[in-house]
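Examination of the molecular architecture
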Amino acid sequence: MSPVEGIPEVLSSFSDEITQKVVSQVKHYLSDANLNHDTYMRKTIEENDGWVPVAALARFNRLRQLMELPFDDKKQTSKKKQALPPVPQHMVRLLGSSIKKAIGEDDEVEVKEDASAIRRKVAYVPTEDWFERTVHFKGLDYGVEWADLIDDLTAYFNEAIEGDNVLLVRLRRNPRTKQFKGNVLVEFKTPEQAESASKREDLEFKGKKLEPAMLPAYHDTKLAADEFIQPEMRKPGASYPTYEEWCVAHGRQPKPEKRKAEEPAEEPVNPKSLVRFTGVEGNPSIKEIKEALGQLGKVRFVEYESEASEGIARFDSAIAEELEKHAEGVKLNEATLQLAAVDEDTANAFFERAKAAADNARGKKRPGRGGRGRGGRNKRSRF
């Protein structure tokens, strides 16, 4: 049983097929076509002297899916989605080492010696010709999306239009709700391929008839109709009003932006709620450890490294009195766990690791950590 539901406890390698898909996806993230539109990747490259930490890549939804980790499958419709668990450090290391082994001398990317980061061999230079090579397609269902939709669309267009000429597929979204609008932007390798695709009237994707138009022409039609031009459709180098300016010019009241809910203040943690347990045998699951320690009180966290002989548990409240009552330890399968309070340094280190894992799960970037997704070495589960 895995310490965190859905996360492999022990995995020493990916299959050749998965490794190939992982490397292809990482190269896509670093491609000119993607970087022309991906502000997060461009910022990460700028902040790390051209390198992208593997820990940051590991958090991307598509790579989480390929690594068989919990990912956003796009099917959850509730407004409040459940936060994904952090990517375990052993999976980050496996991802980095797998990419490093698969990258050859002639590849356009390189990996650090310790497999902790990857970068382009040739620095990225923004290009503007993508606009003339992009086709706007509409006709898909609003709000209907799945994890492999971009992959499925890419495969479809590569097969339907002259074969393997698609550089990028972007989904257009409602700027307020972020729902898929049913429209896609497809960038081809050449203007001729894009022009050919824009003239096709027989294109259907999963039973839905597609209506193509060259992006420049579609853009000009919207501009002539005096509609607000969304950022993903804007011509490089051109000037556009903000949404607020456009609303004022058209006598409209801008819709108020959704206010981001303030994060609750961090709950003060009592160091006396921590217990070190030793004497673990047989590599039990986190759930089993939690059940054994439950004799003392309600367990909030269990921090335990697979096959280790000890770990730390955090309870809802101070546990000193219960420790005295269980001075002889508690049974865990055939073993007896010995229990002890932790010292101040150990408690501070534990709280720092727990905070790092929580920040990672929320997508925060903490100073000096070399990219999102990096945490302590121990596996952690929250109950």
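Described in the following lines is the structure provided in the data block. Bear in mind that the values here come from a model prediction, so they are computed numbers and not experimental data. (Residues numbered from 1 in each chain as written. Predicted model: local features only at pLDDT ≥ 70, side-chain atom pairs only at ≥ 80, totals over all residues. Heavy atoms only, no water.)

**A look at the overall build of the protein**
The following threshold applies: Only DSSP runs of H or I reaching four residues or more are called helices, and only runs of E reaching two or more are called strands; each is numbered from the N terminus. Buried, partly exposed and exposed residues are distinguished by accessible area as a fraction of the type maximum, computed with a 1.4 Å probe on protein chains only: under 20%, between the cut-offs, and over 50%, respectively. The contact rule is simple, with two residues in contact once any of their heavy atoms fall within 4.5 Å. Residue-level accessible areas treat just the shown protein chains as cover; the underlying method is Shrake-Rupley with a 1.4 Å probe.
Tallying secondary structure elements over the protein gives 13 helices and 15 strands in all. Evaluated residue by residue, the protein yields a buried proportion of 42% over its 383 residues. Across the protein, every contact between residues at least 6 apart in sequence was considered, and the portion connecting residues at least 24 apart equals 65%. Of the roughly 21,800 Å² that the protein leaves accessible, carbon and sulfur atoms contribute 48%.

**Some points on the environment of N36**
Counted only if it meets this: Any pair of N or O atoms that falls within 3.5 Å is considered a polar contact. Within protein, one atom must be able to donate a hydrogen and the other to accept it, and sequence-neighbouring residues count only if both atoms are side-chain atoms.
Here N36 shows up in the loop between α2 (32–35) and α3 (39–47). For N36, a relative accessible area of 15% puts it in the buried group. In this structure the C-alpha to C-alpha distance between N36 and V125, which are 89 residues apart in sequence, comes to 8.8 Å. Setting aside anything within four residues of it in sequence, one finds N36 in contact with R42, Y124, P126, T127 and W130. Within the local environment of N36, its side chain forms a polar contact with the side chain of T127, the two groups lying 2.8 Å apart.

**Description of the side chain of Q193**
If you trace the backbone, Q193 turns up in helix α8 (residues 191–198). Under the relative-accessibility criterion, Q193 is labelled buried at 12%. One polar contact links Q193 to N165, side chain to side chain, over a distance of 3.2 Å. One polar contact links the side chain of Q193 to the main-chain amide nitrogen of K189, over a distance of 3.2 Å. For Q193, the residues in contact, after removing those within four places along its chain, are I161, E162, N165 and F188.

**What about the packing of aromatic side chains?**
Selection rule: Geometry of aromatic contacts follows a simple scheme: Phe, Tyr and Trp rings, the Trp one being its six-membered ring, pair when their centres are within 6.5 Å, and the pair is stacked under 30 degrees between planes, edge-to-face over 60, tilted otherwise.
If you walk through the whole model with that rule in mind, you get 10 aromatic pairs. Between Y29 and F60, the ring centres sit 4.8 Å apart and the planes meet at 90°, which makes this aromatic pair edge-to-face. Taken together, the positions of Y29 in helix α1 (residues 16–29) and F60 in the loop between α4 (54–57) and α5 (61–66) put the pair 31 residues apart, joining distant regions of the chain. Residue class for Y29 comes out buried when judged on its relative accessible area of 7%. Between Y243 and W246, the ring centres sit 6.3 Å apart and the planes meet at 15°, which makes this aromatic pair stacked. Taken together, the residues span about one helical turn, with Y243 and W246 both in helix α10 (residues 243–249) at a distance of 3 residues. Using a relative accessible area of 30% as the deciding quantity, one classes Y243 as partly exposed.

**What about the sheet that holds strand β5 (residues 166–173)?**
Spelled out, the test is: A strand pair is defined by DSSP finding two or more bridges across the two strands. Whenever a helix is involved, its axis is fitted only over the stretch in contact; in every case the axis is a line through C-alpha atoms, and angles between N-to-C directions fall within 0 to 180 degrees.
The strand order β5-β6-β4-β9 describes an open sheet built from 4 strands, whose pairing is antiparallel. Edge positions in the sheet fall to β5 and β9 (211–214), since each has one partner strand and no second. Each strand of the sheet is rotated relative to its neighbour by a mean of 25°, with strand direction disregarded. Note that β5 and strand β6 (residues 180–188) share 6 bridges and pair antiparallel. Looking across to β6, one finds that R170 is bridged to L185.

**Topic: the environment of A58**
Topologically, A58 is positioned in the loop between α4 and α5. Taking relative accessible area as the criterion, A58 reaches 0% and is therefore assigned buried. The spatial distance from the C-alpha of A58 to the C-alpha of P86 is 9.6 Å, given a sequence separation of 28 residues. The residues contacting A58, other than those within four sequence positions of it, are R64, M67, V87, V92 and L95.

**Focus: helix α9 (residues 215–224)**
Note the cut-off: Here the arc refers to the directions that run from the helix axis out to each C-beta atom.
Among all positions in α9, only L215, P216, Y218 and H219 are buried. Taken around the axis of α9, the buried residues stretch over an arc of 165°, which confines them to a single face. For α9, the exposed residues lying more than 90 degrees away from the buried face are T221 and A224. Check the buried side of α9 and you find it contacts β4 (134–138), β5, β6 and β9.

**What about the pairing of strand β12 (residues 310–315)?**
Within β12, 5 of the 6 residues are buried, which leaves the element mostly enclosed by the surrounding structure. Relative to β12, strand β10 (residues 274–278) is paired through 5 bridges, and the arrangement is antiparallel. When the bridges of β12 are listed, F277 appears paired with G311. As paired elements, strand β11 (residues 299–304) and β12 share 5 bridges and run antiparallel to each other. Residue pairing across strands places E303 opposite I312, the latter belonging to β12. Hairpin connection, β11 to β12: the antiparallel pair is bridged by 5 residues, and E307 has positive phi, about 70°.

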